[in-house]
Amino acid sequence: MGPHSPADVLDYRSLSRTLEHVTALTWSSFNLAEPGQPAERLRGMSATADLFPALGVSPTLGRVFTAEEDQPGRNHVVVLGDNFWRERFSADPTIIGRDIRLDGEPVTVIGVMPAGFDDQLLWGRIDAWRPMAFTDETRAVRGGTWLQLIARLRPGVTLAQAQ
């Protein structure tokens, strides 16, 4: 549901007694530029670290980013979509732990999501997921509403109670 501001999302997290895994996400694009390869624009998503637990999905290879990596300066990781991994990296399992350059900075590939995950759950193909990493300045934003929100009901909570 959305759109929401970063401050809204943080309020939902801290104040809600009916929701768990409150996550923020937004469509992004990233530029991949690897030595000896043509530059490529990736269709991506920036999300808070609880996105994957909220959706109940695990990577087929590696892992997803953690809350510690969802912090400014610590967010130099990426999770790849299955289609992109197969097309660009020939489904090479040794991609985990390798650095690639996104938007001019090195990021470490930490995981690959299952085939079909992006199409079924997130309304289209996703090549790469990056941590949202709200800065202190961004956390205070209430006027800008560009984030989508996904959350799970806490165990034992009904939809009526959450509403």
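Residues numbered from 1 in each chain as written. Predicted model: local features only at pLDDT ≥ 70, side-chain atom pairs only at ≥ 80, totals over all residues. Heavy atoms only, no water.

Visitor: Got a minute to help me understand the packing of aromatic side chains in this structure?
Guide: Here the distance between the centres and the angle between the planes together describe a pair of aromatic rings. The tally for this structure, following the rule as stated, stands at 5 aromatic pairs. Between the aromatic rings of Phe52 and Phe65, the centroid separation amounts to 5.6 Å while the plane-to-plane angle is 75°, which identifies the pairing as edge-to-face. Of this pair, Phe52 sits in helix α2 (residues 51-55) while Phe65 sits in the loop between β3 (61-62) and β4 (77-80), and the two are 13 residues apart along the sequence. When the centroid spacing of 5.7 Å and the interplanar angle of 85° are considered together, the rings of Phe84 and Phe89 count as edge-to-face. Accessibility assignment for this pair places Phe84 and Phe89 in one class, buried. Taken together, the ring pairs in this structure connect Phe52, Phe65, Phe117 and Trp129 into an aromatic cluster. The cationic tip of Arg43 hangs over the ring face of Trp27; the distance from NZ or CZ to the ring centre is 4.5 Å. (Phe/Tyr/Trp six-rings, centres within 6.5 Å; stacked < 30°, edge-to-face > 60°. Helix = DSSP H or I, 4+ residues; strand = E, 2+ residues; numbered from the N terminus. Buried < 20%, exposed > 50% of the residue type's maximum accessible area, 1.4 Å probe, protein only. Lys NZ or Arg CZ within 6 Å of the ring centre and 35° of its normal.)

Visitor: Sorry if this is basic, but what is going on with helix α1 (residues 6-15) here?
Guide: Along α1, the residues classified as buried are Pro6, Ala7, Val9 and Leu10. Seen from one end, α1 has its buried residues packed into an arc of 160°, which puts them on one side. Against β1 (19-32), α5 (136-139) and β8 (148-153) lie the buried residues of α1. (Arc of directions from axis to C-beta. Contact = heavy atoms within 4.5 Å.)

Visitor: For this particular structure, what's the right way to read the nonpolar core?
Guide: The tendency in soluble globular proteins is for nonpolar side chains to be buried side by side. Ranked by size, the top nonpolar core spans 18 residues in total, and within it Leu51, Phe52, Phe65, Met113 and Trp129 carry the most contacts. Elements with a contribution of two residues or more to this core: β2 (40-47), α2 and β4. In terms of residues, this core owes the most to one element, α2, which gives 3 residues. Dropping the residues within four chain positions of it, Leu51 is found in contact with Thr23, Leu25, Trp129 and Ile150. By size, the runner-up hydrophobic cluster in this structure holds 15 residues, among which are Leu42, Trp85, Leu102 and Val109. (Core = buried A, V, L, I, M, F, W, Y, C linked by side-chain atoms within 4.5 Å.)

Visitor: Any chance you could explain the environment of Glu105 here in plain terms?
Guide: Along the chain, Glu105 falls in strand β6 (residues 105-112). Separated by 74 residues in the primary sequence, Glu105 and Asn31 have C-alpha atoms spaced 9.9 Å apart.

Visitor: Sorry, what's going on with the pattern of salt bridges here?
Guide: Once the charged atoms of two side chains with opposite charge are near each other, the side chains can pair. Considering all chains together, one arrives at 10 salt bridges under this definition. A salt bridge links Arg142 to Asp11, with the shortest nitrogen-to-oxygen separation between them at 2.9 Å. In this pair, Arg142 is assigned in the loop between α5 and β8 and Asp11 in helix α1, connecting sequence segments 131 residues apart. Connected through shared salt-bridge partners, Asp8, Asp11 and Arg142 make up one network. (Salt bridge = Lys/Arg side-chain N within 4 Å of Asp/Glu carboxyl O.)

Visitor: What exactly am I supposed to notice about unusual backbone geometry here?
Guide: As a rule of thumb, non-glycine residues mostly have phi less than zero, and peptide bonds are mostly trans rather than cis. Non-glycine residue Ser90 carries a positive phi angle of around 55°. Examined against the element boundaries, Ser90 turns out to sit in the loop between α3 (82-89) and β5 (99-102). Although it is not a glycine, Ala133 sits at a positive phi angle of roughly 50°. Here Ala133 lies in the loop between β7 (128-131) and α5. A residue is classified by how much of its surface remains accessible, and Ala133, at 9% relative accessible area, is buried.

Visitor: Is there a simple way to think about the pairing of β4 in this case?
Guide: On a regular strand, each side chain points to the face opposite its neighbour's, so the side chains alternate between the two faces of the sheet. Residues Val77 and Val79 point to one face of β4 and Val78 and Leu80 to the other, with burial holding for every one of them. Sheet topology note: the β4/β6 ladder contains 4 bridges and is parallel. When the sheet's bridge partners are listed, Val79 is paired in β6 with Gly111. The pairing of β4 with β7 spans 2 bridges and is antiparallel. Paired with Val79 across the bridge in β7 is Trp129. (Pairing = 2+ DSSP bridges.)

Shape descriptors only; they carry no functional weight alone.
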